[in-house]
Amino acid sequence: MNFIRGATTITEDTPEEIRAATEELLRAIARENNLDGDSVRAIIFSTTQDIYSAYPAKAARECGFEKAALFSAAEPLIEGALPLCIRVMIFAEGVLQREKHVYLRKAAALRKDISVGLTIALDGPAGSGKSTIAKALAAAYDILYLDTGAMYRACALCLKRQNISPDDAFAAARAVAAADIGVRYENGAQRTLLDGEDVSEEIRKNEISMMASTVAKIGAVREKMVAAQRKIAKSQPCVLDGRDIGTTVLPDAPFKFFITADARVRAQRRLKELEERGQTGIDLETLTREIEARDEQDKNREISPLRCAADAVVVDTSRLNIEQTVALIREKIQEKI
Ligand code: DC
């Protein structure tokens, strides 16, 4: 069973307005969630007490929800509540995708996290905690997480498999152009695909990191990856992490953060992460140097270098744990919503 929420408002308490607004809301919910008359089992309406000229449930019958059980109730008088508001809860069966709640007209203000288009851009250097933070934000807001670094890593793996050096920009660009690099989601978790093969684990090897940074300097590679990232980001609310999200991929993203931390702290985190994946034999000094070299390359490349967007909020995570960082970012998002 799926539970879908929605709300809308009217300007005057007339049966015509109630009917039109309810129909508009129900049709929008049905469209967004691919519902048909049979999949809706029940609809509960509630209206604010300034609406008394008609039941919205009547409109539901008239617009095709013939089998659903319908119920309308009046809400308590709450001071400061949005006036002339019709709220709905739909119980449906067989919604394959994630439920899409719909807030129309003045009711859009009730759930700005949905209606504003919650696109969150997280940029920053390697090991700053971006991906852990991005996953936590995606879970908190129930939105998609796109790890764009994984796509450049898949490009690097594609070259490695063909023995092409990422320094050979021409050959590298040609190989990436011919490759099919994409993502798919399994229980909400991103899987990264190279020519249809799931390479999510292989791209995490330490040797791929620097190669990914080098291949990411190539203009044609970036163009292909950025186009794919924009396409995903446009289709739904999401959080993206990378190096150029707030500056190039989604310069209009409403929420931008630049996550950073001391190089040594970042190296310590990366070491822990590699060890957890069973990649041993790498010492902290080497990793710190590697991270610094990668930062330099990512910051100093010609195209879309790692840079903090002018309108991004800088978050230094050197002395913050993940929970504290996520709480801070959520506070900033709420302030702006
Ligand atoms: O975040 P990561 O370590 O998985 O990224 C690997 C490399 O990919 C990174 O060193 C630079 C590059 N990259 C990029 O250029 N632009 C992005 N949006 C994401 C990653």
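Everything below is about the structure printed above this text.
Residues numbered from 1 in each chain as written. Predicted model: local features only at pLDDT ≥ 70, side-chain atom pairs only at ≥ 80, totals over all residues. Heavy atoms only, no water.

## A closer look at the sheet that holds strand β11 (residues 238–242)
Strands sit in the order β7-β11-β6-β12-β13 across an open sheet of five strands; the sheet is parallel. Single-partner strands in this sheet number two, and they are β7 (144–147) and β13 (313–316). Across the sheet, the mean angle from the axis of one strand to that of its neighbour is 20°, orientation sign disregarded. Two elements, strand β6 (residues 119–123) and β11, share five bridges in a ladder whose sense is parallel. Of the residues in β11, the one forming a bridge with T119 is C238. Here helix α5 (residues 148–161) sits on the sheet in contact with β7 and β11, set at roughly 40° to β7. (Pairing = 2+ DSSP bridges. Helix = DSSP H or I, 4+ residues; strand = E, 2+ residues; numbered from the N terminus. Axes fitted to C-alpha atoms, helices over the stretch in contact; angles between N-to-C directions. Contact = heavy atoms within 4.5 Å.)

## A look at the packing of helix α10 (residues 263–276) against helix α11 (residues 284–300)
In the contact formed by α10 and α11, the axes pass within 9 Å of each other and the chain directions differ by 115°. For the element pair α10 and α11, the recorded crossing hand is right-handed. Contacts between α10 and α11 involve A263, R264, R266, A267, Q268, R270, L271 and L274 from the former and L284, E285, L287, T288, I291, E292, R294 and D295 from the latter. Its residues assigned to classes, the contact of α10 with α11 comprises seven nonpolar, two polar and seven charged. (Left-handed = near helix turned anticlockwise from the far one by under 90°. Nonpolar A, V, L, I, M, F, W, Y, C, P; charged D, E, K, R; others polar.)

## Thoughts on the pattern of salt bridges
According to the stated counting rule, one finds 22 salt bridges in the structure shown. Between R19 and E62 there is a salt bridge; the shortest N-O distance is 2.4 Å. With R19 in helix α1 (residues 15–32) and E62 in helix α2 (residues 56–62), the pair connects residues that are 43 residues apart, well separated along the chain. Overall, the relative accessible area of 33% leaves R19 in the partly exposed class. (Salt bridge = Lys/Arg side-chain N within 4 Å of Asp/Glu carboxyl O. Buried < 20%, exposed > 50% of the residue type's maximum accessible area, 1.4 Å probe, protein only.)

## Topic: the nonpolar core
Judged by nonpolar contacts, the single largest core of 40 residues is most densely connected at L159, I181, V215, V221, M225 and L240. Looking at this core, the elements that each hand over two or more residues are β7, α5, α6 (169–178), α7 (206–215), α8 (219–235), β11 and α9 (245–249). Counting residues per element, this core draws most heavily on α5, at nine residues. Apart from the residues lying within four places of it in its own chain, the contact partners of V215 are Y152, C155, A156, L159, P166, V176 and V221. (Core = buried A, V, L, I, M, F, W, Y, C linked by side-chain atoms within 4.5 Å.)

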